[in-house]
Amino acid sequence: MGVQISPSLLSSDFVNLESELARIADADWAHVDVMDNHFVPNLTLGLPVVERIVAVSPVPVDCHLMIDGPDRWAPGYAEAGARNVTFHAEAADAPVRLAREVRRLGARAGLALRPATPVEPFVDLLPEVDMILVMTVEPGFGGQEFLDVCLPKVRRARQAISASGLDVWVQVDGGVSAETIERCAEAGADVFVAGSAVYGAEDASKQIANLRSLAEGATHAPGV
Ligand code: DX5
Ligand code: ZN
């Protein structure tokens, strides 16, 4: 699939979501952060807003659920038309059952890991998911500083996926910018969430192209 850019709406103007979505029409995805003020200390938006985002977005919706009880709530986001639904490993009671349900409803299933959550316990679950999200900040807020300490996990996730022969994507989220995206790509990430870097830019399209070309330049050829 190659490099994919998923700008996060968290840094957009929430009162003008339709025009903010139009600014990222050159991206591969629109990343939507759902926060419940329990799993993370912040509250954003929920299903009714995501339904409207899906209806007007020029690109597929990549839902990142930072919520407790994803076993109960995540399927609704797949039903609402999100093309990808990512839930947190730390919050899911039955990640395999949940990933199967999300896929059955027609969405890709993503499994997210907070900075302190290792990837190793989930390696046997790789056939059940379409993407591993390695958080590169503590989830909850945009505009935080990138955590380099998470890069070895990106590398280990990519190695485990390569060894498995599966087509599972590795997404990074948090502090991804023109300064940090090459390190992520070099470590093996292929889907890049960027909130403040895209929405804080004067020209979002130009920044998406810039991030894409930096990531492509730093991506290893397959198998290298
Ligand atoms: C943070 C969210 C991110 C956030 C990233 O918990 O999951 O998607 O929007 O924002 P930046 O790119 O500004 O770090
Ligand atoms: Zn996110």
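Let me begin by describing the structure that accompanies this report. Bear in mind the structure is a predicted one, so any value in this text is a computation, not a measurement.

Procedures and definitions
Residues numbered from 1 in each chain as written. Chains lettered and ligands numbered in written order. Predicted model: local features only at pLDDT ≥ 70, side-chain atom pairs only at ≥ 80, totals over all residues. Heavy atoms only, no water. Phe/Tyr/Trp six-rings, centres within 6.5 Å; stacked < 30°, edge-to-face > 60°. Helix = DSSP H or I, 4+ residues; strand = E, 2+ residues; numbered from the N terminus. Lys NZ or Arg CZ within 6 Å of the ring centre and 35° of its normal. Near = heavy atom within 4 Å. Polar contact = N/O pair within 3.5 Å; in protein donor to acceptor, adjacent residues only side chain to side chain. Areas by Shrake-Rupley, 256 points an atom, 1.4 Å probe, with all protein chains shown as cover. Nonpolar A, V, L, I, M, F, W, Y, C, P; charged D, E, K, R; others polar. Axes fitted to C-alpha atoms, helices over the stretch in contact; angles between N-to-C directions. Parallel < 35°, antiparallel > 145°, perpendicular 65-115°, else oblique. Left-handed = near helix turned anticlockwise from the far one by under 90°. Contact = heavy atoms within 4.5 Å. Donors = N, O, S within 2.8 Å, 3.2 Å for Na, K, Ca; no water. Tetrahedral: all angles 85-135°; square planar, octahedral: opposite > 155°, others 65-115°. Buried < 20%, exposed > 50% of the residue type's maximum accessible area, 1.4 Å probe, protein only. Expected span 1.5 Å × (residues − 1).

### Some words on the packing of aromatic side chains
Turning to step 1, where the next piece is worked out: The final tally for this structure, using the stated rule, is one aromatic pair.
Turning to step 2, where the next piece is worked out: With a centroid separation of 6.1 Å and an interplanar angle of 70°, the aromatic rings of Trp-29 and Trp-169 are classed as edge-to-face. In this pair, Trp-29 sits in the loop between α1 (17-22) and β2 (30-35) while Trp-169 sits in strand β7 (residues 169-173), placing the two residues 140 residues apart along the sequence.
Turning to step 3, where the next piece is worked out: Positioned above the aromatic ring of Trp-169 is the side chain of Arg-108, whose terminal nitrogen or guanidinium carbon lies 3.4 Å from the ring centre.

### Thoughts on the site of ligand 1
Turning to step 1, where the next piece is worked out: As a structural note, the neighbourhood of ligand 1 is formed by 19 residues, with Ser-8, Gly-140, Asp-173, Gly-175 and Ser-196 the closest of them.
Turning to step 2, where the next piece is worked out: For ligand 1, an oxygen atom lies 3.3 Å from a polar atom in the side chain of His-31.
Turning to step 3, where the next piece is worked out: Within the side chain of Asp-33, one N or O atom sits 2.9 Å away from an oxygen atom of ligand 1.
Turning to step 4, where the next piece is worked out: Against a free-state accessible area of 380 Å², the protein chains account for coverage of 100% of ligand 1.
Turning to step 5, where the next piece is worked out: If you list the elements that add at least two residues to the shell around ligand 1, you get β2, β3 (61-66) and β8 (191-194).
Turning to step 6, where the next piece is worked out: In the shell around ligand 1, the residues fall into seven nonpolar, 10 polar and two charged.

### Some thoughts on the packing of helix α3 (residues 70-79) against helix α4 (residues 95-104)
Turning to step 1, where the next piece is worked out: Orientation of α3 relative to α4, taken along the N-to-C sense of each, is 15°, at an axis distance of 9 Å. With respect to each other, α3 and α4 are oriented roughly parallel. The two elements α3 and α4 meet at a crossing, and its hand is right-handed. Counted together, Pro-70, Asp-71, Ala-74, Pro-75 and Ala-78 of α3 and Leu-98, Glu-101 and Val-102 of α4 form the full contact between these two elements.
Turning to step 2, where the next piece is worked out: For the contact of α3 with α4, the class distribution of residues is six nonpolar, no polar and two charged.

### Structural notes on the coordination of the zinc ion (ligand 2)
Turning to step 1, where the next piece is worked out: Protein-derived coordination of the zinc ion (ligand 2) comes from His-31 (NE2), Asp-33 (OD), His-64 (ND1) and Asp-173 (OD), at a distance range of 2.0 to 2.3 Å.
Turning to step 2, where the next piece is worked out: Taken together, the six donor atoms surrounding the zinc ion (ligand 2) define angles of 72 to 171° at the centre, an arrangement classified as octahedral.
Turning to step 3, where the next piece is worked out: Spacing between the donor residues of the zinc ion (ligand 2) along the chain follows H-x1-D-x30-H-x108-D. A residue pair is termed long-range when its members are at least 10 positions apart, and Asp-33 in strand β2 and His-64 in strand β3 qualify at 31 residues. As far as burial versus exposure is concerned, Asp-33 and His-64 are alike and both buried.

### As for the environment of Gln-4
Turning to step 1, where the next piece is worked out: Within the element layout of this structure, Gln-4 appears in strand β1 (residues 4-7).
Turning to step 2, where the next piece is worked out: Taking the C-alpha atoms as reference points, Gln-4 and Val-193, 189 residues apart in sequence, are found 8.8 Å from one another.
Turning to step 3, where the next piece is worked out: Beyond its immediate sequence surroundings of up to four residues, Gln-4 is in contact with Asp-28, Trp-29, Trp-169, Asp-190, Val-191, Phe-192 and Arg-212.
Turning to step 4, where the next piece is worked out: Reaching out from Gln-4, the side chain makes a polar contact with the side chain of Trp-29 at a distance of 2.8 Å.

### A few points about the side chain of Gln-207
Turning to step 1, where the next piece is worked out: Summarising the element assignment, Gln-207 is placed in helix α8 (residues 204-218).
Turning to step 2, where the next piece is worked out: Judged by its relative accessible area of 14%, Gln-207 falls in the buried class.
Turning to step 3, where the next piece is worked out: At 3.0 Å, the side chain of Gln-207 forms a polar contact with the backbone oxygen of Ala-197.
Turning to step 4, where the next piece is worked out: Apart from residues lying up to four places away in sequence, Gln-207 is in contact with Ala-197, Val-198 and Ala-201.

### So, helix α5 (residues 151-164)
Note that an α-helix has 3.6 residues per turn; residues three or four places apart therefore point the same way.
Turning to step 1, where the next piece is worked out: With 14 residues, α5 ought to run about 20 Å at 1.5 Å a step, and its terminal C-alpha atoms sit 20 Å apart, in line with that.
Turning to step 2, where the next piece is worked out: For α5, every residue scored as buried is listed here: Leu-151, Lys-153, Val-154, Ala-157, Ala-160 and Ile-161.
Turning to step 3, where the next piece is worked out: Residues of α5 that are buried sit in contact with β5 (108-113), β6 (131-135), β7 and α6 (181-187).
Turning to step 4, where the next piece is worked out: Trailing α5 by a residue or two, Gly-165 shows a phi angle of about 75°, which is positive.

By themselves these figures say nothing about function.
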